[in-house]
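This is what each chain is made of:
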Amino acid sequence: MCGIFGLTTNQNKPIGKIALEGIKRLEYRGYDSCGIVCQYESQLLVKKDAGKIEEINKRLKLDEFPSDSKVVLAHTRWATHGPPTKINSHPHLDCNNKIAVVHNGILENFIELKEELQSKGHVFKSETDTEIIPHLIEENMKTNGDLKEAVVNAIKKCKGAYGLAICHADYPDTIIAVRRESPLIVGIEEGETTYCASDIPAFLPYTRNCYILEDDEIAILKAGTVEFYDIYNSDFPKEKQIQHIEWSIDAAEKGGYEHFMLKEIYEEPSALRRTMKISSDSLKKFAEILLSAENIYITAAGTSFYAALAGKFIITKFLGKYIEAIECSEFKTQLINSLEKNAIIIAISQSGETIDLIEAVRWAKKYQPSARIISITNIVGSSITRHSDNIIITQAGPEIGVAATKTYVTQVLTLALIALEIAKLRKIEKEEEIQKYYDALRATPEIIENFLEKNIELIKFIVRNLEKNLNFFFLARGISIATAKEGGLKLKEVACRFIEGYSAAHAKHGPISLVREGYPIIFIAPPDETYERLIGNLMEFKSRGGKIISLVVEDDIKITNLSDITIRIPQPGDMYHSIFSPITFIPALQLLSYYAALEHNFDPDKPLNLAKTVTVH
Ligand code: M6R
């Protein structure tokens, strides 16, 4: 949450414009206020305000700074301490307006530190935790005047999570970047410009060469160079490996689509095709670990958790062992007395930075050192990769829309590929049978392409038809409960409708009492072993006046005849395809949410109150 961008250069660059574009690419991390500080002739020039970046830019001309200034920091905020106001926007400065700080994270001991600094005469303007940092650095600089040492000593006093970028009016070419728990990446154009950012797409138009900061590392950025130190051993610089990022900049641009969410739904087929090529060695390694395990857990948050629910179902079919799915925020509480030795924990996260997940796996390793963490993430070098014994990187490419779409299908696909590796190793299925499952998986991109080509008008018609409804049920059985929950989450987050994604069978134990004439219920109905029973559930809702909208396969007859509207997924109605329906059915619900957001005048890329990466508890 919150996006940081900074650069120092020796070139003549429009640094205000670059910084503005940088934070726009990070806007998915938070969008309730923003600010830019530029260093110019031993002064710090600040522009900041509450609101979305584009609105503030219209008022303040965020890109207009003196053309010969060489250092800039920028920030887009998701408020934690203090409401989104101009005063609480970043950057925050010290008493003399010499030190500027932008921050992503939360300082836990800010109240004590603030009282200590106030007793020494420091005056605070905002309600934020961040503001203590420039004052702490200012206080430390009274001792020997060295900026790096003052930052190191300030950081040693701070508890909590932070990605920080700092500049000083009297250090004309320097940015200091520090991290603990909140991500921070340094990008470099050798000899010319050095960048720092919360995420790679922010500087992707300029460089693909970067360093990923680890916890308790500090980077001293100068124009075109960078040095790294450990906070707790800061006398000598340390070596770090440069990384080359393969992502193309097109992936982080809207490319003619009105919104990232729509573009990313249309990118699902290509994301799936790339993910299909994940090395079979790493899939096999995961399969072997799961085969040798006695106790297996799968954990994640939000959409990644629903991918976990679908994946757990597919893996269990071929593994023949129970896998317990636990939301990562509940992981420790639920397992504090029972996590077994040698337990295997599958951790799933698009960003690899979700703090509740990082805490869960860190706790698991501490509580049971023999536990093994195997992770699936979309981001190379993200925090989860440092806490994992084995990693698979999904190949969705950068996802900018706050609502996870293409990353969901690649997560389910990755879990399905692991399941098929298990099937091969266990040899419980005949080789030809396994090949039929592979064929069905390989067909998923084309099924989605066909669906997208032919169904947009139908989806828009359904959205208009349901325009007046505020509440919905998404009901399913078996593996499709994951689809119902994920589809429901999408509609909630982008269109602000209330949806209960629920088991169709369980819904008669209470939720059914809400149903009246015209109450919309979407049934997720692939032709699997739950199909006949689902018809019974559908009838229970239909006979109480529910408006039935069903997601079925192309040649479906029975549920189609019972429904008011059907959305038909162009896939064969066999068991090989049905088990992968979480991948092929979800685009329909993602699109429904997207067009519902437009219908109700919400920005689907920036849902209210949300940020894409949740790095606070
Ligand atoms: O980066 P992660 O996959 O760990 O994020 C988990 C959730 O915060 C995320 O999936 C969230 O629910 C999305 N906004 C859903 O669209």
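Definitions and cut-offs
- Residues numbered from 1 in each chain as written.
- Predicted model: local features only at pLDDT ≥ 70, side-chain atom pairs only at ≥ 80, totals over all residues.
- Heavy atoms only, no water.
- Pairing = 2+ DSSP bridges.
- Helix = DSSP H or I, 4+ residues; strand = E, 2+ residues; numbered from the N terminus.
- Contact = heavy atoms within 4.5 Å.
- Axes fitted to C-alpha atoms, helices over the stretch in contact; angles between N-to-C directions.
- Near = heavy atom within 4 Å.
- Polar contact = N/O pair within 3.5 Å; in protein donor to acceptor, adjacent residues only side chain to side chain.
- Areas by Shrake-Rupley, 256 points an atom, 1.4 Å probe, with all protein chains shown as cover.
- 1 Å grid on protein atoms, 1.4 Å probe; cavity = no way out; pocket = protein on both sides within 12 Å on 5 of 7 lines; lining within 4 Å.
- Sits in = over half its atoms within 2 Å of the grid points.
- Nonpolar A, V, L, I, M, F, W, Y, C, P; charged D, E, K, R; others polar.
- Domains from an automatic or database assignment.
- Buried < 20%, exposed > 50% of the residue type's maximum accessible area, 1.4 Å probe, protein only.
- Parallel < 35°, antiparallel > 145°, perpendicular 65-115°, else oblique.
- Left-handed = near helix turned anticlockwise from the far one by under 90°.
- Phe/Tyr/Trp six-rings, centres within 6.5 Å; stacked < 30°, edge-to-face > 60°.
- Lys NZ or Arg CZ within 6 Å of the ring centre and 35° of its normal.
- Points joined across faces, edges and corners; volume = space filled by probe spheres on them.
- Salt bridge = Lys/Arg side-chain N within 4 Å of Asp/Glu carboxyl O.
- Lys, Arg positive; Asp, Glu negative; His and termini not counted.

Chemist: Sorry if this is basic, but what is going on with the sheet that holds strand 10 (residues 193–197) here?
Modeler: Read across the sheet, 8 strands follow the order 3-2-4-1-10-9-11-15 without closing on themselves; strand pairing throughout is antiparallel. This sheet does not close on itself; its edge strands, each paired only once, are strand 3 (43–50) and strand 15 (243–244). Against the sheet, helix 1 (residues 15–25) contacts strand 1 (3–9), strand 2 (33–40) and strand 4 (71–77), and its axis sits at roughly 155° relative to strand 1.

Chemist: Even after reading the chapter, I still don't get the site of the ligand, so can you show me in this structure?
Modeler: As a structural note, the neighbourhood of the ligand is formed by 14 residues, with Ser 304, Ser 349, Ser 351, Thr 354 and Glu 493 the closest of them. Val 402 places a polar main-chain atom, nitrogen or oxygen, 3.2 Å from a nitrogen atom of the ligand. Interatomic distance of 2.8 Å between a backbone N/O atom of Ala 404 and an oxygen atom of the ligand. In isolation the ligand has 410 Å² of accessible area, and contact with the protein removes 90% of it. Mapping the ligand onto the cavity grids shows that it belongs to the largest pocket. Elements with a minimum of two residues in the shell around the ligand: helix 9 (302–319) and helix 16 (480–495). Class assignment of the residues belonging to the shell around the ligand gives a composition of 5 nonpolar, 7 polar and 2 charged. The residue makeup of the shell around the ligand includes at least three contributed by each of domain 2 (254–442) and domain 3 (454–602).

Chemist: Got a minute to help me understand the environment of Lys 17 in this structure?
Modeler: Topologically, Lys 17 is positioned in helix 1. Each C-alpha atom, one on Lys 17 and one on Lys 142, is 35 Å from the other, the two residues being 125 residues apart in sequence.

Chemist: In this structure, what is going on with the pairing of strand 2? I would like to understand it.
Modeler: Within a regular strand, side chains alternate between the sheet's two faces. The element strand 2 is extensively covered by neighbouring structure, given that 7 of its 8 residues are classed as buried. One ladder, built from 8 bridges, connects strand 2 with strand 3; its direction is antiparallel. For Val 37, the partnering residue across the bridge sits in strand 3 and is Val 46. In sequence, strand 2 turns back onto strand 3 through a hairpin of 2 residues, with Glu 41 there showing a positive phi of about 45°.

Chemist: Hey, could you run me through the packing of helix 1 against helix 2 (residues 53–60) in this one?
Modeler: Interhelical geometry of helix 1 versus helix 2 gives an angle of 160° and a closest axis separation of 11 Å. Taken together, the axes of helix 1 and helix 2 lie roughly antiparallel to each other. Relative to helix 2, the crossing made by helix 1 is right-handed. Residues Leu 20, Ile 23 and Lys 24 of helix 1 touch helix 2, and the partners they reach there are Ile 53, Glu 54 and Asn 57. Grouping the amino acids of the contact of helix 1 with helix 2 by side-chain chemistry returns 3 nonpolar, 1 polar and 2 charged.

Chemist: What's the story with the sheet that holds strand 17 (residues 323–327) in this structure? I'm lost.
Modeler: Consider a sheet: its strands pair through backbone hydrogen bonds, and that pairing is either parallel or antiparallel. The parallel open sheet is built from 5 strands, whose spatial order is 17-16-18-19-20. This sheet does not close on itself; its edge strands, each paired only once, are strand 17 and strand 20 (390–393). Taken pair by pair, the neighbouring strands of this sheet meet at an average axis angle of 20°, ignoring direction. In this sheet, strand 17 lies alongside strand 16 (residues 296–300) in parallel orientation, the contact comprising 5 bridges. Looking at the pairing, Ala 300 lines up with Glu 327 of strand 17. Across the sheet, helix 9 is in contact with strand 16, strand 17 and strand 18 (344–349); its angle to strand 17 comes to roughly 175°.

Chemist: What should I look at first to understand the packing of aromatic side chains in this one?
Modeler: Describing an aromatic ring pair means giving the distance of the ring centres and the angle of the ring planes. By the definition in use, this model includes 16 aromatic pairs. An angle of 55° between the planes, with centres 4.9 Å apart, marks the rings of Tyr 211 and Phe 228 as tilted. Of this pair, Tyr 211 sits in strand 11 (residues 209–212) while Phe 228 sits in strand 13 (residues 225–230); the two residues are 17 residues apart in sequence, bridging distant segments of the chain. Note on Phe 228: relative accessible area 3%, which makes it buried. Their ring planes at 40° and their centres at 5.7 Å tell us that Tyr 257 and Tyr 266 sit as a pair that is tilted. Linked through ring pairs, Phe 5, Tyr 195, Phe 203 and Tyr 206 together constitute an aromatic cluster. Positioned above the aromatic ring of Phe 65 is the side chain of Lys 47, whose terminal nitrogen or guanidinium carbon lies 4.9 Å from the ring centre. Across the ring face of Phe 318, the terminal group of Lys 317 is positioned such that the distance to the ring centre comes to 5.6 Å.

Chemist: What am I meant to see in the packing of helix 9 against helix 13 (residues 406–426) here?
Modeler: Relative placement of two packed helices is described by the angle separating their axes and the distance separating the axes. Running from N to C, helix 9 and helix 13 cross one another at 15°; their axes reach a closest spacing of 9 Å. Judged on the interaxial angle alone, helix 13 and helix 9 are roughly parallel. For helix 9 against helix 13, the interelement crossing comes out right-handed. Contact with helix 9, carried on its side by Thr 303, Ser 304, Tyr 306, Ala 307, Ala 308, Ala 310, Gly 311, Ile 314, Ile 315, Phe 318 and Leu 319, involves Tyr 408, Gln 411, Val 412, Leu 415, Ala 416, Ile 418, Ala 419, Leu 420, Ile 422, Ala 423 and Arg 426 of helix 13 and no other residues of that element. Of the residues assigned to the contact of helix 9 with helix 13, the class counts are 17 nonpolar, 4 polar and 1 charged.

Chemist: Before we go on, may I ask you to explain helix 5 (residues 147–157) in this structure?
Modeler: Burial in helix 5 covers these residues: Leu 147, Ala 150, Val 151, Val 152, Ala 154 and Ile 155. Along its buried surface, helix 5 packs onto helix 4 (132–144), strand 7 (160–168), strand 8 (175–180), strand 12 (217–222) and strand 14 (233–238).

Chemist: Quick question: what am I supposed to make of the domain arrangement of the protein here?
Modeler: In terms of domains, the protein is made up of domain 1 (3–252), domain 2 (254–442) and domain 3 (454–602). Using only C-alpha atoms to locate each centre, domain 1 and domain 3 end up separated by 45 Å.

Chemist: Could you clarify how one ought to interpret the layout of surface pockets in this entry?
Modeler: Summary: where empty space remains is shown by rolling a probe the size of a single water molecule over the atoms. Estimated volume of the largest pocket: approximately 640 Å³. Ala 301, Gly 302, Thr 303, Lys 612 and Val 614 are, among the 32 residues lining the largest pocket, the residues nearest its centre. Among the secondary structure elements, those contributing two or more residues to the lining of the largest pocket are helix 9, strand 18, helix 13 and helix 16. Take the lining of the largest pocket: its biggest share by element is 5 residues, from helix 9. Here the lining of the largest pocket is composed, by residue class, of 14 nonpolar, 12 polar and 6 charged.

Chemist: How do you make sense of the pattern of salt bridges when you look at a structure like this?
Modeler: If the charged atoms of two oppositely charged side chains come close together, the side chains can form a pair. In total, this model carries 32 salt bridges according to the counting rule given. Across the salt bridge formed by Glu 21 and Lys 17, the nearest N and O atoms sit 3.4 Å from each other. Note that Glu 21 and Lys 17 are positioned in helix 1 at a spacing of 4 residues, about one turn of the helix. Given a relative accessible area of 42%, Lys 17 falls into the partly exposed group.

Chemist: When you look at the side chain of Glu 131 in this model, what are you seeing that I'm missing?
Modeler: Summarising the element assignment, Glu 131 is placed in the loop between helix 3 (110–119) and helix 4. Salt bridges are absent for the buried Glu 131, whose nearest opposite-charge side chain, Lys 125, sits at 5.3 Å. Within the structure, Glu 131 has its side chain in polar contact with the backbone nitrogen of Lys 125 (distance 2.8 Å). Apart from residues lying up to four places away in sequence, Glu 131 is in contact with His 92, Leu 93, Val 123, Phe 124, Lys 125 and Ser 126.

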